Amino acid sequence: MSEPLLHHFDASPFSEKVRLLLGYCGLQWGSVHIPRVMPKPCFTALTGGYRKTPALQLGRDVYCDTALIVRVIEQLSETTSLVPLDQAASVRAMEELGDRLFMAAIPILFRPEGRAVLVEQLGEEALARFQADRAELFSGGSVSRPDDQFSRAVWGPTLATLEAQLAPQPFVLGEHPTLADFSLYHPIWYVRNNPGVRAITEGYPAVMAWFARMQAFGHGSAREVSEAAAHEIAADCNHWQPLMGEFDDSAGMAAGDSIAVHAVDYGVDAVHGRLVHLSAETLTLERKASFEGREIGAVRVHFPRDGFAFTSFDT
Ligand SMILES: N[C@@H](CCC(=O)N[C@@H](CS)C(=O)NCC(=O)O)C(=O)O
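Residues numbered from 1 in each chain as written. Predicted model: local features only at pLDDT ≥ 70, side-chain atom pairs only at ≥ 80, totals over all residues. Heavy atoms only, no water.

Undergrad: Just checking my understanding: could you explain the overall build of the protein chain for this structure?
TA: The number of helices and strands found in the protein chain is ten helices and ten strands. For the protein chain, whose C-alpha radius of gyration is 19 Å, the value lies close to the compact-globule estimate of 20 Å for 315 residues. Taking the principal axes of its C-alpha atoms as reference, the protein chain extends roughly 55 × 50 × 40 Å. Relative to its 315 residues, the protein chain shows a buried fraction of 54%. Look at the contacts in the protein chain between residues 6 or more apart in sequence, and 71% of them connect residues 24 or more apart. The centroid of the 26 positive side-chain charges in the protein chain is displaced by 4 Å from the centroid of its 39 negative side-chain charges. (Helix = DSSP H or I, 4+ residues; strand = E, 2+ residues; numbered from the N terminus. Rg over C-alpha atoms; globule rule 2.2 N^0.38 Å. Buried < 20%, exposed > 50% of the residue type's maximum accessible area, 1.4 Å probe, protein only. Contact = heavy atoms within 4.5 Å. Lys, Arg positive; Asp, Glu negative; His and termini not counted. Charge placed at Lys NZ, Arg CZ, Asp CG, Glu CD.)

And the structure:
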């Protein structure tokens, strides 16, 4: 089995969702630290232009978006309880709620008490660069950068409903952790990580007890891998990962077609390549990767269908 390599940065909440899941599933993984802001030349050399954090690399295969990454990890670790069949739609809904809670968390970090901590951690100059980068991230997509009014409308009510749901049970959907828990954990982790605003998570005892239960899973066993070493691992790999699901020809696309794929919400940079596989749930394209004139060779980039758009183009 190829070692899973997580391309991430420490402060990234969506990466925390995956790190915690890797810990829970007991997988050994390689930790590839990438820049927090653009440019990320080593990273985008592999993804073909997709810039969001994190991505998961298995040899020459690169998986984008945590909605897909978590399913890859589930398969690798043969953990079958993460999406119980009779709760599949509930898990999906909780993943959406987690994304919404992440959006609500962003302006909270920039309230004066949160911002003061960010200035302490990063300095005014790096913080200004971070804010300019995130303004760019939200340009051109269907979702605009959230404001504090959105946070006020969403954060409190969501934590209150979670409090009610977690009061009688240890995990969001019952006795055992599911993907719902990992999807809701990371935005709360994001806010709790900033001592300036942490207090707004604390009026919810059942949520806090659940948070501690989740945190205890840890990140498992990781070794540091440089971005250059990750490129070499891709270049040296001589096999592909299995593709997921049957080919879905209802979109009128065929393997080998030239396609462009992009996220629809934010971070909408397109990735171009040849279609390898299109199932009801995933899309895989293949492209030639190189970095600073050095060949990495063909790389397959995988996306979830949900949240991504694709078009064919003439070469
Ligand atoms: N839908 C994506 C969202 C990922 C996301 O928004 N990640 C943030 C960091 S936590 C990001 O990409 N920020 C911009 C960047 O890292 O360049 C997923 O589930 O992976």
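Having seen it, we continue.
Undergrad: For this particular structure, what's the right way to read the site of the ligand?
TA: In the vicinity of the ligand, 13 residues are found, and the nearest of them are Lys40, Arg51, Thr53, Thr66 and Tyr266. With respect to the ligand, the side chain of lysine 40 contributes an N or O atom lying 2.6 Å from an oxygen atom. With respect to the ligand, the side chain of tyrosine 266 contributes an N or O atom lying 2.6 Å from an oxygen atom. Relative to its unbound accessible surface of 500 Å², the ligand loses 96% to contact with the protein. Residues of the shell around the ligand, tallied by class, amount to five nonpolar, three polar and five charged. (Near = heavy atom within 4 Å. Polar contact = N/O pair within 3.5 Å; in protein donor to acceptor, adjacent residues only side chain to side chain. Areas by Shrake-Rupley, 256 points an atom, 1.4 Å probe, with all protein chains shown as cover. Nonpolar A, V, L, I, M, F, W, Y, C, P; charged D, E, K, R; others polar.)

Undergrad: I would appreciate a short explanation of the sheet that holds strand β4 (residues 61-64) in the present structure.
TA: In sheet architecture, strand pairing relies on hydrogen bonds along the backbone and comes in two forms, parallel and antiparallel. Overall, mixed pairing links the ten strands, which are arranged β5-β2-β1-β3-β4-β9-β8-β7-β6-β10 in an open sheet. Lying at the two open borders of the sheet, with one neighbouring strand each, are β5 (221-224) and β10 (308-312). Neighbour-to-neighbour, the strand axes of this sheet turn through a mean angle of 35°, independent of strand direction. Relative to strand β3 (residues 55-58), strand β1 (residues 5-8) is paired through three bridges, and the arrangement is antiparallel. When the sheet's bridge partners are listed, leucine 6 is paired in β3 with leucine 56. The sheet strands contacting helix α1 (residues 13-25) are β1 and β2 (28-33), and the helix crosses β1 at an angle near 155°. Across the sheet, helix α10 (residues 227-236) touches β1, β2, β3, β5, β8 (282-291) and β9 (294-304), and the angle it forms with β9 is around 90°. (Pairing = 2+ DSSP bridges. Axes fitted to C-alpha atoms, helices over the stretch in contact; angles between N-to-C directions.)

Undergrad: I keep staring at the UniProt feature "domain: GST C-terminal" (unreviewed entry) in the protein chain and nothing clicks. Help me out?
TA: In the numbering used here, UniProt assigns the feature "domain: GST C-terminal" (unreviewed entry) to residues 84-237. Helix makes up 66% of residues 84-237 and strand 3%. Its end C-alpha atoms lie 33 Å apart. (UniProt positions renumbered as here; feature names shortened; annotations may be inferred.)

Undergrad: Hey, could you run me through the pattern of salt bridges in this one?
TA: Two side chains of opposite charge can pair, provided their charged atoms sit close to one another. Inspection of the entire model under this criterion finds 15 salt bridges. Notably, a salt bridge pairs glutamate 202 with arginine 192, separated by 3.3 Å at the nearest N-O pair. Here glutamate 202 is found in the loop between α8 (179-192) and α9 (205-215), whereas its partner arginine 192 is found in helix α8, with ten residues between them in sequence. Given a relative accessible area of 43%, glutamate 202 falls into the partly exposed group. With a shortest N-O distance of 2.9 Å, arginine 300 and glutamate 286 are connected by a salt bridge. (Salt bridge = Lys/Arg side-chain N within 4 Å of Asp/Glu carboxyl O.)

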